[in-house]
Amino acid sequence: MDFSQYEDAFTKEATKMGYSPQRIERCLDYAEMLYSNDVPVIYNSSHLAGLVGYKKEYLKKAALHTKYFYRDFEILKKNGKKRPISEPLPSLKEIQHWILKNILYKRPVSAFAKAYKPNVSLIENLKFHKNQAKVFTLDLENFFPSIGIESVEKVFADVGYTRSISDLLSKLCTRDGSLPQGAPTSPYLSNLIFEEADKVISQYCIQKKIRYTRYADDLSFSGDFDEKELFNIVTEAVEKLKLKINPSKTKLMTPDSRQTVTGIVVNEKPQVVFHKRNALRQAMYYIQKFGIDEHREYKEINQANYLEHLLGKINFVLQINPKDSEFIGYKSFLKDLKKKREASNNRIMPLLM
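In this convention, every chain numbers its residues from 1, walking through the sequence in written order. Totals for whole chains, interfaces and linings use every residue, but because this is a predicted model, local features are given only for residues with pLDDT of at least 70 and side-chain atom pairs only at 80 or more, for both listing and counting. The side-chain quantities take in all heavy atoms of the structure and omit both hydrogens and water.

Identification of the chain as RNA-directed DNA polymerase from Flavobacterium degerlachei is taken from an unreviewed UniProt entry. UniProt positions are given in the numbering used here, feature names are shortened, and annotations may be inferred rather than shown by experiment. The UniProt entry for the chain carries the following text under Catalytic activity (unreviewed entry): "DNA(n) + a 2'-deoxyribonucleoside 5'-triphosphate = DNA(n+1) + diphosphate". Checking UniProt for the chain, the heading Sequence similarities (unreviewed entry) contains the comment "Belongs to the bacterial reverse transcriptase family."

One open sheet accounts for four strands, arranged β4-β5-β3-β6; its pairing is antiparallel. Of all the strands in the sheet, just β4 (211–215) and β6 (251–253) have a single pairing partner and so form its edges. Strand-to-strand, the axes of this sheet are offset by a mean angle of 15°, without reference to chain direction. Against the sheet, helix α10 (residues 227–239) touches β3 (134–139), β5 (218–223) and β6, its axis set at about 30° to β3. A pair of strands is treated as paired once DSSP finds two or more bridges between them. Helix numbering and strand numbering both begin at the N terminus, where a helix is a DSSP run of H or I of at least 4 residues and a strand a DSSP run of E of at least 2. Here an axis means a line fitted to C-alpha atoms, over the contact stretch when the element is a helix, while the angle between two N-to-C directions is reported on a 0 to 180 degree scale. Contact criterion: two residues are considered in contact whenever any of their non-hydrogen atoms come within 4.5 Å of each other.

Looking at soluble globular proteins, one finds that nonpolar side chains tend to be buried together. The criterion is simple. A nonpolar core is a set of buried Ala, Val, Leu, Ile, Met, Phe, Trp, Tyr and Cys residues joined through side-chain atoms within 4.5 Å. When a residue's accessible area, from a 1.4 Å probe over protein chains only, is under 20% of the maximum for its type it is buried; when over 50% it is exposed; and in between it is partly exposed. Counting 67 residues, the largest nonpolar core has Ile 99, Ile 103, Leu 104, Tyr 161, Leu 172, Phe 194 and Phe 221 as the members making the most contacts within it. The element contributing the most residues to this core is helix α9 (residues 186–208), with nine residues. Note that the domain bounds reflect an automated or database-derived domain assignment. A domain-level breakdown of this core finds at least three residues from each of domain 1 (1–37) and domain 2 (70–265). Core analysis: the second largest hydrophobic core is formed by 19 residues, Leu 280, Tyr 306, Ile 314 and Leu 318 among them.

Now the structure itself:
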């Protein structure tokens, strides 16, 4: 339905309901703005409730009492520290997925942002920095928790939604006034909110012929440049968004050292760092020689989906370097092993029933 059709249908229905011509005109002006941005028209909380398939009362409770709508747990980070995760309950997650698909994905993000974009892989963040004079990487501190609800509300207001609808949508996407690590809307919202800083940083980099990409909270620069001047430019841009650079993760890498971007070596060709590849080599050596069950027992590995876990790590290596014959062989071996296990389980199951 184009806007002229919507306008005719809305005018007829609103007239039946006793709307004044002035009110109809105000509603249509509002709807036209949203139509032009290719996002759903939402007049009030009842209208939003109908669109997402939940009662208005549920939306209000989820917006006002957010702590009761999340499950908290921790995951181990690479440095041994723990990252807190706030995962929304299935009902709220479903609403957030609707917001993501129908509103947020309709808004373009910076071309320099390489994470959290549909159909964009990690390799997009790496190929720009291959074989450069310098690689300079910066990391943002507490990225999601540092993005406040005011910035989220502005995203929805800029699309054209009313203050009350923008307020409701922003509360449905935040917890305790910031982006929760674990909500499906948080990653793309962070891209939209960081777009202003991406613009400032990329303009400077284009002027100075510096290659720039951002993968979530990891900013990568390569070329020949004054890193101190660049650092000051980036610091000023991110501080306007109330974000901070993590000084302990700032790295300057030259060609005579290992240059990495988001944990991937980029000196000559993108490659997963040696110690991770070597750990996989060792695991595969023992699995092929002694068997996966014996390897798990010897290493005291209790992970139920260990085979799938290994396959995921090997697939990641191949995502970065698809022609790596060594890891292609490992993948083939594990896939055959998985098929044999599934066939064996299928034979055993009827006996247990």
